[in-house]
Amino acid sequence: MVSLTSDLIKTFKVAKTFRDNTERINYMDISASGHYVVTSSEDESIQLYECDKAILSKTLHSKKYGVSLISFTKNEKMVVHGSTKIDNTLRQLNLQENKYLRYFQGHTNKVTGLKMHPKDDVFLSSSHDGSVRLWDTRSQNAQGLLSVPGKPVANYDPEGLIVAVGSESSEVRLYDLRTFDKGAFLTFPVPQIKDGIWTDIKFNPDTTQILITTSGKNAILVDAYVGGVAHTLTGYSSASKYPMEASFTPDGRYVLMGSADGKVHVWESHTGEKVCVLTGESSDPITCLRFNPKYMTFATASQRTHFWIPTVPPSIDKSGCNESSQENGLAKTPS
């Protein structure tokens, strides 16, 4: 098994490019098993890829409702996605049967965030209507509602016990999921970014850091225990219309961020130091980026979808990358 090091990260290259979309890809998710990648696009299509084989498995369409924020449920044959037309309803779709199973209604303005619980069949959504709603995939009715000033961002911690909510691009509130109706158990201010609003929030794998991405040219790493800003990540270019996406590596040691010029910037999460800038095959803005939770690969998207893998030099042990020792040639990341 190959360990993820700064030297190895510097060798990542695009290994496969998919040209299955005619317009911008607006969201991407990778299944918990690491086997599947799903994308939603402004061309109103859903693409399902097999990650380990690097092939397109299926194309579906949502012409009536449009599609965004597509995310796998605990069952990787199912997804929940947002709408871009008609209303702000969230919809659960069976990918295998191309059949909608349930509609989740309640938001009165654009839904900008959809996050699945890491262990259970529940999820949360955040909206420009100033609310964060908690849902169970087995019920069409929201199980809880948090009223949040401004345009909130929200996410679960890796254990699914805590919900972090960003409010008015200046404050983080932490809620115990079991007693969220009693209010936040911890609230701390975060210095406002002059040229951008918050677009996403996520914990690192050991819950010690919170990563906040913005519509500007800065991302923020916050100490999840005391609330102070640990590091500000800069140096990447941003697109005025679409926010860039960032992802922790599965071990939490690195942060990867897409850039408006098609490059991927990498930082060491605990020091905030820039590790490298990876150059791909396109100069289109990278607005979707996810590191695979199980395999040594990550995916990016603009109008095209790219799968990246390391090109392992002779000085690094290749035992985890040979096809004979790993399924279809993808090395597994250390747990």
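Residues numbered from 1 in each chain as written. Predicted model: local features only at pLDDT ≥ 70, side-chain atom pairs only at ≥ 80, totals over all residues. Heavy atoms only, no water.

Some remarks on the nonpolar core
We count it as follows: The term nonpolar core refers to a set of buried residues drawn from Ala, Val, Leu, Ile, Met, Phe, Trp, Tyr and Cys, joined through side-chain atoms within 4.5 Å. Relative accessibility decides the category of a residue: with a 1.4 Å probe and only protein chains considered, values under 20% of the type maximum give buried, values over 50% give exposed, and everything between is partly exposed. Each helix is a run of H or I in the DSSP string that is no shorter than four residues. Each strand is a run of E no shorter than two, and both are numbered from the N terminus. Any two residues having at least one pair of non-hydrogen atoms within 4.5 Å are treated as being in contact.
Counting 19 residues, the largest nonpolar core has L4, F12, L256, V264, V266, L278 and F298 as the members making the most contacts within it. Of all the secondary-structure elements, those providing two or more residues to this core are helix 1 (6-9), strand 1 (12-18), strand 23 (254-258), strand 24 (263-268), strand 25 (274-279) and strand 26 (288-291). No other element matches the three residues that strand 25 contributes to this core. Excluding anything up to four places from it in sequence, V264 contacts L256, M257, C276, V277, L278, I286, L289, F298, T300 and W308. Judged by nonpolar contacts, the second largest core, of 15 residues, contains V153, I210, I220 and V222.

As for the pairing of strand 28 (residues 305-310)
Definition in use: The rule for pairing is simple: two strands pair if DSSP sees at least two bridges between them.
Of all six residues in strand 28, five are buried, a share of seventy percent or more. Bridging between strand 1 and strand 28 involves six bridges; their strand directions are antiparallel. Residue V14 lies in a different strand from strand 28, and its bridge partner there is W308. As judged from the four bridges shared by strand 27 (residues 298-301) and strand 28, these two strands associate in the antiparallel manner. Its bridge partner being in strand 28, A299 is matched across the sheet by F307. The antiparallel pairing of strand 27 with strand 28 creates a hairpin that spans three residues between the two strands.

Topic: the pairing of strand 2 (residues 25-30)
When you tally the buried positions in strand 2, you get six out of six residues, the bulk of the element. Here five bridges tie strand 2 to strand 3 (residues 36-41), and the two strands are oriented antiparallel to one another. Considered in strand 3, the bridge of Y27 is made with S40. Connecting strand 2 to the next strand, strand 3, in antiparallel fashion are five residues, including G34 with a positive phi near 80°.

A word on the sheet that holds strand 2
As a reminder of what qualifies: Here an axis means a line fitted to C-alpha atoms, over the contact stretch when the element is a helix, while the angle between two N-to-C directions is reported on a 0 to 180 degree scale.
One open sheet holds the four strands; their spatial order is 2-3-4-5, and the pairing between them is antiparallel. Looking at the sheet topology across the chains shown, the edges are occupied by strand 2 and strand 5 (55-61). On average, adjacent strands in this sheet sit at an angle of 20° to one another, irrespective of strand direction. Here five bridges tie strand 3 to strand 4 (residues 45-50), and the two strands are oriented antiparallel to one another. Paired with T39 across the two strands is Q47, which belongs to strand 4.

Comments concerning the confidence of the model for the chain
Formally: pLDDT is defined as a per-residue confidence score from the predictor, taking values between 0 and 100.
Per-residue pLDDT for the chain averages 91, and the proportion of residues at 70 or more is 92%. The low-confidence segment residues 316-329, where pLDDT is below 50, has 29 contacts with residues more than four positions distant or belonging to other chains.

Focus on the sheet that holds strand 6 (residues 68-72)
Spatial strand order, 6-7-8-9: four strands in an open sheet with antiparallel pairing. Where the open sheet ends on each side, the last strands, each with one partner, are strand 6 and strand 9 (99-104). The mean angle between the axes of side-by-side strands here comes to 25°, regardless of whether they run parallel or antiparallel. In this structure, strand 7 (residues 78-82) lies alongside strand 8 (residues 90-94), joined through four bridges in antiparallel fashion.

Focus on the side chain of S31
Selection criterion: In protein, a polar contact means a hydrogen-donor-capable atom and an acceptor-capable atom, both N or O and within 3.5 Å, with residues adjacent in sequence counting only if both atoms are side-chain atoms; elsewhere, any N or O pair within 3.5 Å suffices.
Note that S31 resides in the loop between strand 2 and strand 3. The class of S31 is buried, set by a relative accessible area of 0%. At 3.2 Å, the side chain of S31 forms a polar contact with the side chain of S33. Setting aside residues up to four positions removed in sequence, S31 forms contacts with Y36, F72, E76 and P293.

What about the packing of aromatic side chains?
Rules: Put simply, two rings from Phe, Tyr or Trp (the six-membered ring, in Trp's case) pair if the centres are within 6.5 Å, and we call them stacked under 30 degrees between planes, edge-to-face over 60, tilted for the rest.
A complete count under the given rule lists 14 aromatic pairs for this structure. Measuring from centroid to centroid gives 5.1 Å for F104 and F123, while their planes differ by 85°, and the two rings are edge-to-face. Here F123 lies in strand 11 (residues 122-127) and F104 lies in strand 9, a separation of 19 residues in the sequence. Among the aromatic side chains, those forming a connected cluster through ring pairs are F12, F291, F298 and W308.

Examining the environment of D251
Along the polypeptide, D251 turns up in the loop between strand 22 (246-248) and strand 23. The exposure class of D251 is partly exposed, given its relative accessible area of 36%. The spatial distance from the C-alpha of D251 to the C-alpha of N204 is 8.5 Å, given a sequence separation of 47 residues. Look past the residues within four positions of D251 in its chain and what remains in contact with it is L4 and P205. Of note is the side chain of D251, whose polar atom sits 2.6 Å from the side chain of T249. Only 3.0 Å separates the side chain of D251 from the backbone nitrogen of R253, close enough to count as a polar contact.

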